[in-house]
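# Coordinate analysis (summary)
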Amino acid sequence: MGLVLYGITAYEYWRSSLPRYMPEYGEVSASNLLSACGPTSLRELTGPIIRTEGILDKMHLLVSSPSARRRSKVAEFHCCRAVDALPKGSFYQIGAGIYACSPELCFVQLANELSLFELVRAGTDLCSRYLFSPYDRMETVECEPVTTRKRLGQFIETMPKWTPGLKRARRAIRWVLENSRSPRETSLAMVMNLPSRLGGFQIPGVELNCRISPDETAGLLARRSYFEADVLLREHKRILEYESDLYHGGSQQGSHDYEKIASLQTMGYVVTPITTWQMDSFEALEALLLSVMGSMGMRNRMGDELSLRRRETHYQIMQDERRQRELPPIADMAPWRYLIARL
């Protein structure tokens, strides 16, 4: 029996740190995939999962034809029209008899399941430099991105025109950013990057975690050979640094942060710290970002309607972040405990 992880289940796999520890089976063609994955035997699948300890929830799996769909307590089956028409790089083998839709394909599949803001977050996180521990969602693991914005965009453009969710995926990709290192950085980037009509601040040129090499003078002020700007507005030499309580609380880290700020300021950068409290408070964040926009020469569009729209968008983005953090780790889910033992 072959299993193909689809949509949100494939996304959970790519966003966990599991790919770091699994053998690299590599890309697989659609034709080979379909020959390996006939109609799923519910008896083989349902019994072991129900007997596995953990939270019982449904996996989302791809099957080769509508007739292979079944009613099940442990799985929801999806049939993709003309699988062999999908672009190269749509599927990967991740275990013995276990496959996953690629990060690019699952992003398109999520367009049918998620709100626009959730989809932009999903795309940004697929292009991020952190993964969630499968055992604790409060723990993250540094990683190379599983995909890039360029690869997502190229994949979307090669999808068949009839693909469900394609139009929304094409829209969302415009606001996806790369290199986030935490859920909070993703939230900040979205608030800054989204257009005004969607309740963002529409600040142009937002880049995340860009390396900046110190010049000769700046190099004398710090013990590091390069700096990473949490949020860089390159054209205006503005940097926003998120001061996380978790990662910036130690005295040694604090010293490095002060050295970094001093060095960047000698190079002409204006560095603005943002605290956890400021991110949580819309009033504080609005005041801070409007000040940044003013210093960049941007016209600060005001008005009750725009401010209300921004408040609602900020609330939705922060709620999405909290929901993501509050989800059970995948190792606590009975279907995933079943899968992890076989990966």
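Refer to the structure presented above.
Presented here is an overview of the structure given in this document. (Residues numbered from 1 in each chain as written. Predicted model: local features only at pLDDT ≥ 70, side-chain atom pairs only at ≥ 80, totals over all residues. Heavy atoms only, no water.)

### Points about the pairing of strand E9 (residues 206-212)
Within E9, five of the seven residues are buried, leaving the element largely enclosed by the surrounding structure. Two elements, E9 and strand E10 (residues 227-233), share six bridges in a ladder whose sense is antiparallel. Residue Val206 lies in a different strand from E10, and its bridge partner there is Leu233. (Buried < 20%, exposed > 50% of the residue type's maximum accessible area, 1.4 Å probe, protein only. Helix = DSSP H or I, 4+ residues; strand = E, 2+ residues; numbered from the N terminus. Pairing = 2+ DSSP bridges.)

### What about the packing of aromatic side chains?
By the definition in use, this model includes three aromatic pairs. On the numbers, 5.0 Å between centres and 70° between planes, the contact of Tyr13 with Trp14 is edge-to-face. In this structure, Tyr13 and Trp14 share a single accessibility class: buried. With a centroid separation of 5.6 Å and an interplanar angle of 85°, the aromatic rings of Tyr130 and Phe132 are classed as edge-to-face. Taken together through their ring pairs, the aromatic side chains of Tyr13, Trp14 and Tyr92 make up a single cluster. Positioned above the aromatic ring of Phe201 is the side chain of Arg310, whose terminal nitrogen or guanidinium carbon lies 4.2 Å from the ring centre. (Phe/Tyr/Trp six-rings, centres within 6.5 Å; stacked < 30°, edge-to-face > 60°. Lys NZ or Arg CZ within 6 Å of the ring centre and 35° of its normal.)

### With respect to the nonpolar core
Core analysis: the largest hydrophobic core is formed by 89 residues, its most contacted members being Leu5, Leu45, Phe91, Met192, Ile203 and Leu289. Listed in part, the twelve residues of the second largest apolar core include Cys210, Ala229, Ile239 and Leu264. (Core = buried A, V, L, I, M, F, W, Y, C linked by side-chain atoms within 4.5 Å.)

### Re the state of the cysteines
All chains considered together, the criterion is met by zero disulfides. The cysteine Cys210 is free of any disulfide, with Cys127 supplying the nearest cysteine sulfur at 14 Å. Overall, Cys210 belongs to the buried group, its relative accessible area being 11%. (Disulfide = S-S within 2.5 Å.)

### Details of the environment of Arg51
Considering the arrangement of structural elements, one finds Arg51 in helix H4 (residues 42-51). The class for Arg51 is exposed, based on a relative accessible area of 66%. Along the sequence, Arg51 and Ala334 sit 283 residues apart, while their C-alpha atoms lie 8.4 Å from each other.

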